[in-house]
Amino acid sequence: MAVKTRLANEAEKEAVIAFFNKGMAQINYPIVSWVPKIYPLVSDMTASLSKKELYVAEIDGQIVGSVILNHEHEVEYSEIAWANQHLLDEEFLVIHTLLADADFKGQNIGRSLLACAKEVARKKGCQAIRLDVFADNLPAKSLYEKCGYLWRERKELRSFDDRGTDTCDLYELLL
């Protein structure tokens, strides 16, 4: 079964929502630092769908993964020791909310979504892809490192529930 990635479209909004609800039910929240009913939300997915920032992975026509790709980032990104700290926001792509269906574990969904991000970044003329990940999310960090992302720094970022900070690792892929 081959994984195919592409930009999601408005016509499949219900399928995206169904995938999101299924995927969120599979999440080990303490590992990812996401907060149920606070972040991420269905509205985050549908807003990204409307802005043409939501990409999906499919196997046999079924949505099995998603990722939001845009230029939005935490204010603390300006303090990170990136390879090129002088890139403008539009010169790097930011990965958000990478989600894969646990029922398809081992099918390279995450790798496919990261390859999609690389392709999108190149088409947009970006020089890098950046992301932050909860420091305890070892599976995600392992995936990023296997795909060539370089660890740049550990930083406290505002938690999704605005009740403090989360210890996050920041990664970058140079293009």
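Definitions and limits used
- Residues numbered from 1 in each chain as written.
- Predicted model: local features only at pLDDT ≥ 70, side-chain atom pairs only at ≥ 80, totals over all residues.
- Heavy atoms only, no water.
- Helix = DSSP H or I, 4+ residues; strand = E, 2+ residues; numbered from the N terminus.
- Rg over C-alpha atoms; globule rule 2.2 N^0.38 Å.
- Contact = heavy atoms within 4.5 Å.
- Areas by Shrake-Rupley, 256 points an atom, 1.4 Å probe, with all protein chains shown as cover.
- Lys, Arg positive; Asp, Glu negative; His and termini not counted.
- Charge placed at Lys NZ, Arg CZ, Asp CG, Glu CD.
- Buried < 20%, exposed > 50% of the residue type's maximum accessible area, 1.4 Å probe, protein only.
- Arc of directions from axis to C-beta.
- Core = buried A, V, L, I, M, F, W, Y, C linked by side-chain atoms within 4.5 Å.
- Pairing = 2+ DSSP bridges.
- Axes fitted to C-alpha atoms, helices over the stretch in contact; angles between N-to-C directions.

A. Region of interest: the overall build of the protein. When helices and strands are counted, the protein shows five helices and seven strands. Helices (α) and strands (β) of the protein occur, in sequence order from the N terminus, as β-α-α-α-β-β-β-α-β-α-β-β. At 15 Å, the protein has a C-alpha radius of gyration in line with the 16 Å of a compact globule built from 175 residues. Across the protein, contacts joining residues at least 24 apart in sequence account for 69% of those joining residues at least 6 apart. Carbon and sulfur atoms form 50% of the exposed surface of the protein, whose accessible area is close to 9,000 Å². Charge separation in the protein, taken as the distance between the mean sites of 21 positive and 27 negative side-chain charges, equals 5 Å.

B. The side chain of Ser66, seen in detail. Tracing the backbone through its elements, the reader meets Ser66 in strand β3 (residues 62-70). On the accessibility criterion, Ser66 (1% relative accessible area) is buried. Contact partners of Ser66, with chain neighbours within four places excluded, come to Phe19, Met45, Leu54, Tyr55, Val56, Thr97, Leu98, Leu99 and Leu113.

C. Representation of helix α3 (residues 42-50). Looking at α3, one finds that the buried residues are Met45, Thr46, Ser48 and Leu49. Within α3, the buried residues cover an arc of 160° as seen down the axis, which keeps them to one side. Next to the buried residues of α3 lie α1 (13-25), β2 (54-59) and β3. Where α3 terminates, the next one or two residues include Lys52, which has phi positive at roughly 60°.

D. Expanded view of the nonpolar core. If you look at the biggest cluster of nonpolar residues, it comprises 28 residues, and the most contacted ones within it are Leu69, Ile95, Ile129, Tyr144 and Tyr149. Of all the elements, helix α4 (residues 109-123) adds the most residues to this core, at seven residues. With near-sequence residues (within four places) excluded, Tyr149 lies in contact with Ile95, Leu114, Ile129, Leu131, Tyr144, Tyr171, Glu172 and Leu173. Core analysis: the second largest hydrophobic core is formed by 16 residues, Ala8, Ile27, Val32 and Ile68 among them.

E. Highlighting the sheet that holds strand β6 (residues 150-158). Reading across the sheet, the seven strands line up as β1-β2-β3-β4-β5-β7-β6 and stay open at both edges, with mixed pairing between neighbours. This sheet does not close on itself; its edge strands, each paired only once, are β1 (3-7) and β6. Going from strand to strand, the sheet's axes swing by 30° on average, the running direction of each strand aside. Both β1 and β2 contribute to a ladder of five bridges, which runs antiparallel. Across the sheet, residue Arg6 finds its bridge partner in β2, namely Val56. Contacting β2, β3 and β4 (92-100), α1 crosses the sheet at an angle of about 95° to β3. In the packing of α4 onto the sheet, contacts are made with β1, β2, β3, β4, β5 (128-134) and β7 (165-174), and the angle to β4 comes to roughly 160°.

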